[in-house]
Amino acid sequence: MEHLQAYNRKLLANILPVHVAEHFLASDKHADELYHEQCEFVCVMFASIPNFSEFYVELEGNNEGVECLRVLNEIIADFDELLEEERFRYVEKIKSTGATYMAASGLTRSTCDMKNYRHVSAMADYALRIREQLNEVNEHSFNNFKIRIGINIGPVVAGVIGARKPQYDIWGNAVNVASRMDSTGILDHIQVTQEMYQILHAKGYPLTCRGSIKVKGKGEMVTYFLNGYSTRPQNTPTSVSGDSSIGGATPATPTTPVPAPTS
Ligand SMILES: Nc1ncnc2c1ncn2[C@@H]1O[C@H](COP(=O)(O)OP(=O)(O)OP(=O)(O)O)[C@@H](O)[C@H]1O
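Bear in mind that the values here come from a model prediction, so they are computed numbers and not experimental data.

Peer 1: Honestly, the site of the ligand in this entry has me stumped. Any pointers?
Peer 2: In the region of the ligand, the neighbouring residues are Phe46, Lys95, Met102, Asp169, Ile170, Val175, Asn176, Ser179, Arg180, Lys216 and Lys218. Lys95 places a polar side-chain atom, nitrogen or oxygen, 2.8 Å from a nitrogen atom of the ligand. Listing elements by their share of the shell around the ligand, those giving two or more residues are strand E5 (167–171) and helix H6 (173–183). Ranked by residues supplied to the shell around the ligand, first place goes to H6 with 4 residues. Taken together, the residues of the shell around the ligand sort by class into 4 nonpolar, 2 polar and 5 charged.

Next comes the structure, spelled out in structure tokens:
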């Protein structure tokens, strides 16, 4: 019986974030109760490999597409494995859908750092790291996959949908905008919103202003590209200046021409 419980616990912890799995394992909880929580300051990342669809072909020579899926599986498994690193403990994988990987940080009290914004830098570092990882995969598999990443920060509702095959997911305008940062982005670039810029800039990350772009359903948005890692230690208190809800630093004057969005 104890073995079975331990096994169930492990299984559930692989499907749901640990804190959510623990909620369901508590004996006083009903499986059909809707689990949901409001999280105020969550970083959401969408990372797509748009040219994977060109690579995917079903031919006799590649076992009707299975060999292509093997490569995608390797990439997604590499991204998952990186999350095991202590520095990425703030980041939770949400799901992968086709060649798009979705992750978020700051979903629990212990992973939302409102003093040093470590969950924000962890998300930025993770985005930079998976871009490097894909380049490594390209090198050893002789492919030319390109990643396009979008990140936003804001309030989300997290919840579990379904009873038999429960799926943890997050919803809200901040999630929609993060997805748009990906879909309006540029291959090989990490596009972030102004709210992300304010924090990352204060933490010493190099960013470039893209300028103003049209975002479906949101109008014009000033966005930024994250260019690399911060050289500053990340556990010093970060003061984000300005007057908006997060920081309100005035956007930098665009330093690069605005390239057309790619889909
Ligand atoms: N939890 C989520 N998982 C995956 N994608 C999400 C999630 N929440 C939002 N999105 C994506 O964010 C994008 C923007 O959402 P929004 O509601 O603004 O647009 P929409 O008009 O519903 O979508 P679209 O124009 O892409 O058909 C959508 O493509 C949507 O699929």
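Read on, since the account is not over.
Peer 1: I would appreciate a short explanation of the pairing of strand E2 (residues 91–97) in the present structure.
Peer 2: A regular strand places its side chains on the two faces of the sheet in alternate fashion. Here 6 bridges tie E2 to strand E3 (residues 100–105), and the two strands are oriented antiparallel to one another. Paired with Thr97 across the two strands is Thr100, which belongs to E3.

Peer 1: Would you mind going over the UniProt feature "domain: Guanylate cyclase" (unreviewed entry) in the protein with me for this structure?
Peer 2: Feature annotation in UniProt assigns "domain: Guanylate cyclase" (unreviewed entry) to the following positions: residues 43–182. The distance from the first to the last C-alpha atom of residues 43–182 is 14 Å, and the span holds 39% helix and 27% strand.

Peer 1: For this particular structure, what's the right way to read the pairing of strand E7 (residues 207–215)?
Peer 2: Within E7, 7 of the 9 residues are buried, leaving the element largely enclosed by the surrounding structure. In textbook terms, the turn of a hairpin is the stretch between consecutive antiparallel strands, and for E7 and strand E8 (residues 219–226) this stretch comprises 3 residues, one of which, Gly217, has a positive phi near 80 degrees.

Peer 1: Would you mind going over the packing of helix H4 (residues 66–82) against helix H5 (residues 118–141) with me for this structure?
Peer 2: Angle between the axes and distance between the axes: these two values describe a pair of packed helices. Their axes nearest at 10 Å, the elements H4 and H5 cross at an angle of 140 degrees. In terms of orientation, H4 and H5 fall into the oblique class. Here H4 and H5 pass one another in a crossing that is right-handed. Contact with H4, carried on its side by Glu74, Ile75, Asp78, Phe79, Asp80 and Leu82, involves Tyr126, Arg129, Ile130, Gln133, Leu134, Val137 and His140 of H5 and no other residues of that element. For the contact of H4 with H5, the per-class residue count stands at 7 nonpolar, 2 polar and 4 charged.

Peer 1: What's the story with the environment of Met221 in this structure? I'm lost.
Peer 2: Residue position: Met221 is located in strand E8. Residue classification places Met221 among the buried residues on the basis of a relative accessible area of 15%. Remark: the alpha-carbon pair of Met221 and Thr193, spanning 28 residues in sequence, is separated by 7.8 Å. Discounting residues that sit within four places of it in the chain, Met221 has contacts with Val177, Met181, Thr193, Gly211, Ser212, Ile213 and Val215.

Rules behind the numbers
Residues numbered from 1 in each chain as written. Predicted model: local features only at pLDDT ≥ 70, side-chain atom pairs only at ≥ 80, totals over all residues. Heavy atoms only, no water. Near = heavy atom within 4 Å. Polar contact = N/O pair within 3.5 Å; in protein donor to acceptor, adjacent residues only side chain to side chain. Helix = DSSP H or I, 4+ residues; strand = E, 2+ residues; numbered from the N terminus. Nonpolar A, V, L, I, M, F, W, Y, C, P; charged D, E, K, R; others polar. Pairing = 2+ DSSP bridges. UniProt positions renumbered as here; feature names shortened; annotations may be inferred. Buried < 20%, exposed > 50% of the residue type's maximum accessible area, 1.4 Å probe, protein only. Axes fitted to C-alpha atoms, helices over the stretch in contact; angles between N-to-C directions. Parallel < 35°, antiparallel > 145°, perpendicular 65-115°, else oblique. Left-handed = near helix turned anticlockwise from the far one by under 90°. Contact = heavy atoms within 4.5 Å.

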